[in-house]
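# A look at the structure
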Amino acid sequence: MNIYNNRNKVLLIYTGGTIGMVQDESGALQPFAMERIYDALPLLQRTNYTIDSCQLDKIIDSSNMTPEFWVDIASIIEKNYDDYDGFLVLHGTDTMAYTASALSFMFKNLSKPIVLTGSQLPLGMLRSDGRENIICALEIASAQQVLIPEVTIFFENKLYRGNRSTKVSAENFNAFESYNYPSLAKAGIKISYRTHLFQPKPTGKLVVRKKFDRRIAVLKLFPGITPAVVRAIVETPDLQGLVIETFGSGNAPTESWFIEALEEALNRGIIVLNVTQCKAGAVQMRQYQASCDMDRIGVIGGSDITIEAAVTKMMYLLGNFPDDKKKIRDRLCKNLRGEITQEIVEEYDEF
Ligand code: ASP
C-alpha cells in the first residue's frame, strides 16, 4: 500500500453504522470488511495519502454506543498517534455527535485531525452518500497544508467542530448542523478551510483521559411535567450529575415543588447543569425571572453548549476529577475544547 514514503498516512477506524454496509448476493445488507476499502473505492489508490484500516472488536449500530466504546476508539488512536498524520472514524450517524464530543474532551492537546463521518445510505448502495463523505473526510484527515487540531465531523459538504454538532435529519444527506459555531470547512470543487475558526495548535504534550462517570441523567422539561416525573429522575439512586433541558434562554417552571426538588438534589451533592432545548442560542441565567431561582440555588448555566457536549462533558469531568466537585462545577461553564463560546483560559489547563 505504501508506494511513496512522503505520503501522509491516515488510520481509518471502523466502528459500525450504516456506512459500512454492503449488499450481499441476496441483496441483504451486511458489514463490509474495511481492509477492502480499496476494492470498494478503487479511486483511493490514486490519492496522495496512504490508508490503513482497523475496526472495533465489536461492530455496532451507534445506538448501542457506550463510554466503553469511546475508550476503545480513543485507545486505538492513542496507540497509533505517532504513526499517522490523521484519523478517520467511520461511525453510525445516530450518536456520532456524542462520540465526537466525548473524544474532544478525552484528547487534551490534540495536534492531529480526528475526523468522524458516516452516511445515510450504505456504502454498498448505488446512491450512497458514503463515498463522498469518506473521500472528503480522508482528504481532510490527510491534508498536508492545513492541519486541523480538532475532533470534527464531516458530512455532506461541511466540516463541523465535533462538540458543536447535532444530528438534525433522519433522512437528508445533510444530516448534521452546528448552530452555535460556523463550519470549519466547506467542500465544493475544492475544500475551503476557515483556518481562523480552528482551535489553536497546542504546545503541550498529548494527554488522553479515559474515564467517564455514567451516573448522570437528562431531564427534558415540557409544559405539564409532573412532580412525580421530576422526582423520579432527580432521586435516581447514586445520581452524580443532572443536565436539565430547559426552555428558551434557560427557563423552567417557577413552581415551588420544582425548585425544591432541584435544591434537594443540589444539597445531596448532585451537579446540575442548565442547557437550552433551543438548537441555537445560549442559556442566560437571570435574563428572565424563570431562571432566577435556579441560579440562586446553584444550578450552573451551560451557555450555548449542545446537549451532546453537555452529557459527555459532565461524564468526563465526573469520571476524571471525582474528588473536586467545586472545580467540576466551575469547569462545566468554562470552555475546555471549543464547546462553548468563550475564550479558552490557560489556567484551566489541567482539564
Ligand atoms: N442506526 C445507524 C447508526 O447510527 C444509523 C446510521 O448509521 O446512520 O449506527
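Attention in this report is confined to the structure presented alongside it. (Residues numbered from 1 in each chain as written. Predicted model: local features only at pLDDT ≥ 70, side-chain atom pairs only at ≥ 80, totals over all residues. Heavy atoms only, no water.)

### Description of the overall build of the protein
- Scanning the protein from N- to C-terminus turns up 9 helices and 18 strands.
- For the protein, whose C-alpha radius of gyration is 21 Å, the value lies close to the compact-globule estimate of 20 Å for 351 residues.
- Projecting the C-alpha coordinates of the protein onto the three principal axes gives extents of approximately 65 × 50 × 35 Å.
- Within the span of the protein, comprising 351 residues, buried residues form 55% of the whole. (Helix = DSSP H or I, 4+ residues; strand = E, 2+ residues; numbered from the N terminus. Rg over C-alpha atoms; globule rule 2.2 N^0.38 Å. Buried < 20%, exposed > 50% of the residue type's maximum accessible area, 1.4 Å probe, protein only.)

### Describing the packing of aromatic side chains
- Overall, the coordinates contain 7 aromatic pairs when judged by the stated rule.
- Their ring planes at 65° and their centres at 5.1 Å tell us that Trp70 and Phe212 sit as a pair that is edge-to-face. Of the two residues, Trp70 sits in helix α2 (residues 67-80) while Phe212 sits in the loop between β14 (207-208) and β15 (216-220), which places them 142 residues apart along the sequence. Side by side, Trp70 and Phe212 carry an identical accessibility label, which is buried.
- Summarising the aromatic geometry, the rings of Phe155 and Phe176 are spaced 5.0 Å apart at their centres and angled 55° between planes, so their arrangement reads as tilted. In this pair, Phe155 is assigned in strand β8 (residues 151-155) and Phe176 in strand β11 (residues 176-177), connecting sequence segments 21 residues apart. The exposure classification of Phe155 matches that of Phe176, with both residues buried.
- Chaining the aromatic ring pairs together yields one cluster made of Tyr81, Tyr84 and Phe87.
- The residue whose ring lies beneath Lys9 is Tyr84, and the NZ or CZ to ring-centre distance is 4.7 Å. (Phe/Tyr/Trp six-rings, centres within 6.5 Å; stacked < 30°, edge-to-face > 60°. Lys NZ or Arg CZ within 6 Å of the ring centre and 35° of its normal.)

### Points about the packing of helix α8 (residues 307-320) against helix α9 (residues 325-332)
- For the pair α8 and α9, the least separation of the axes is 10 Å and the interaxial angle reads 155°. Classed by the angle they form, the pair α8 and α9 counts as roughly antiparallel. When you trace α8 past α9, the crossing you get is right-handed. Counted together, Lys313, Met314, Leu317 and Leu318 of α8 and Lys325, Ile328, Arg331 and Leu332 of α9 form the full contact between these two elements.
- The class makeup of the residues in the contact of α8 with α9 is 5 nonpolar, no polar and 3 charged. (Axes fitted to C-alpha atoms, helices over the stretch in contact; angles between N-to-C directions. Parallel < 35°, antiparallel > 145°, perpendicular 65-115°, else oblique. Left-handed = near helix turned anticlockwise from the far one by under 90°. Contact = heavy atoms within 4.5 Å. Nonpolar A, V, L, I, M, F, W, Y, C, P; charged D, E, K, R; others polar.)

### What about the sheet that holds strand β18 (residues 300-301)?
- In space, the 4 strands of this open sheet follow the order β15-β16-β17-β18, with parallel pairing throughout. Of all the strands in the sheet, the pair left with one neighbour each is β15 and β18.
- Sheet topology places strand β17 (residues 271-276) next to β18; 2 bridges connect them, and they run parallel. Looking at the pairing, Asn274 lines up with Gly301 of β18. (Pairing = 2+ DSSP bridges.)

### Regarding the nonpolar core
- Formed by 57 residues in total, the largest nonpolar core has its most connected members in Ile77, Leu103, Phe107, Ile114 and Leu116.
- Top element by residues in this core is α8. It accounts for 9 residues.
- Counting residues in hydrophobic clusters, the runner-up holds 33 residues, among them Tyr38, Leu44, Val115 and Tyr181. (Core = buried A, V, L, I, M, F, W, Y, C linked by side-chain atoms within 4.5 Å.)

### Points about the sheet that holds strand β13 (residues 191-193)
- Sheet architecture is open: 8 strands sit in the order β4-β1-β5-β7-β8-β9-β12-β13, paired in mixed fashion. Looking at which strands have only one partner, the edges of the open sheet turn out to be β4 (49-60) and β13. When strand polarity is set aside, the average angle formed by the axes of neighbouring strands in this sheet is 20°.
- When strand β12 (residues 185-187) meets β13, the two strands line up antiparallel, connected through 3 bridges. Bridging from a neighbouring strand, Ala187 pairs with Ile191 of β13.
- Docked against the sheet, α2 engages β1 (8-16), β4, β5 (86-90) and β7 (114-117), running at close to 150° with respect to β4.

### Describing the site of the ligand
- The environment of the ligand is made up of Gly17, Thr18, Asp61, Ser62, Gly92, Thr93, Asp94 and Ser119.
- Here an oxygen atom of the ligand and a backbone polar atom of Thr18 are 2.8 Å apart.
- Ser119 is positioned with one of its backbone polar atoms (N or O) 3.3 Å from an oxygen atom of the ligand.
- Starting from 260 Å² of accessible surface for the ligand in isolation, the protein chains cover 89%.
- Its residues assigned to classes, the shell around the ligand comprises no nonpolar, 6 polar and 2 charged. (Near = heavy atom within 4 Å. Polar contact = N/O pair within 3.5 Å; in protein donor to acceptor, adjacent residues only side chain to side chain. Areas by Shrake-Rupley, 256 points an atom, 1.4 Å probe, with all protein chains shown as cover.)

### A short note on the pairing of β8
- β8 sits mainly inside the fold: 5 of its 5 residues count as buried.
- Two elements, β7 and β8, share 3 bridges in a ladder whose sense is parallel. Directly across from Val115, in β8, lies its bridge partner Thr152.
- For the handedness criterion, the β-α-β arrangement of β7, helix α4 (residues 130-142) and β8 is classed as left-handed. (Right-handed = clockwise from strand over helix to strand, strands pointing away.)

### So, the environment of Thr117
- By the secondary structure assignment, Thr117 is in strand β7.
- Residue class for Thr117 comes out buried when judged on its relative accessible area of 0%.
- Sequence separation between Thr117 and Gly281 is 164 residues; the distance between their C-alpha atoms is 26 Å.
- Excluding residues that lie within four positions of it along the chain, Thr117 makes contacts with Leu88, Val89, Leu90, His91, Met96, Asn133, Ile134, Ala137, Phe154 and Phe155.

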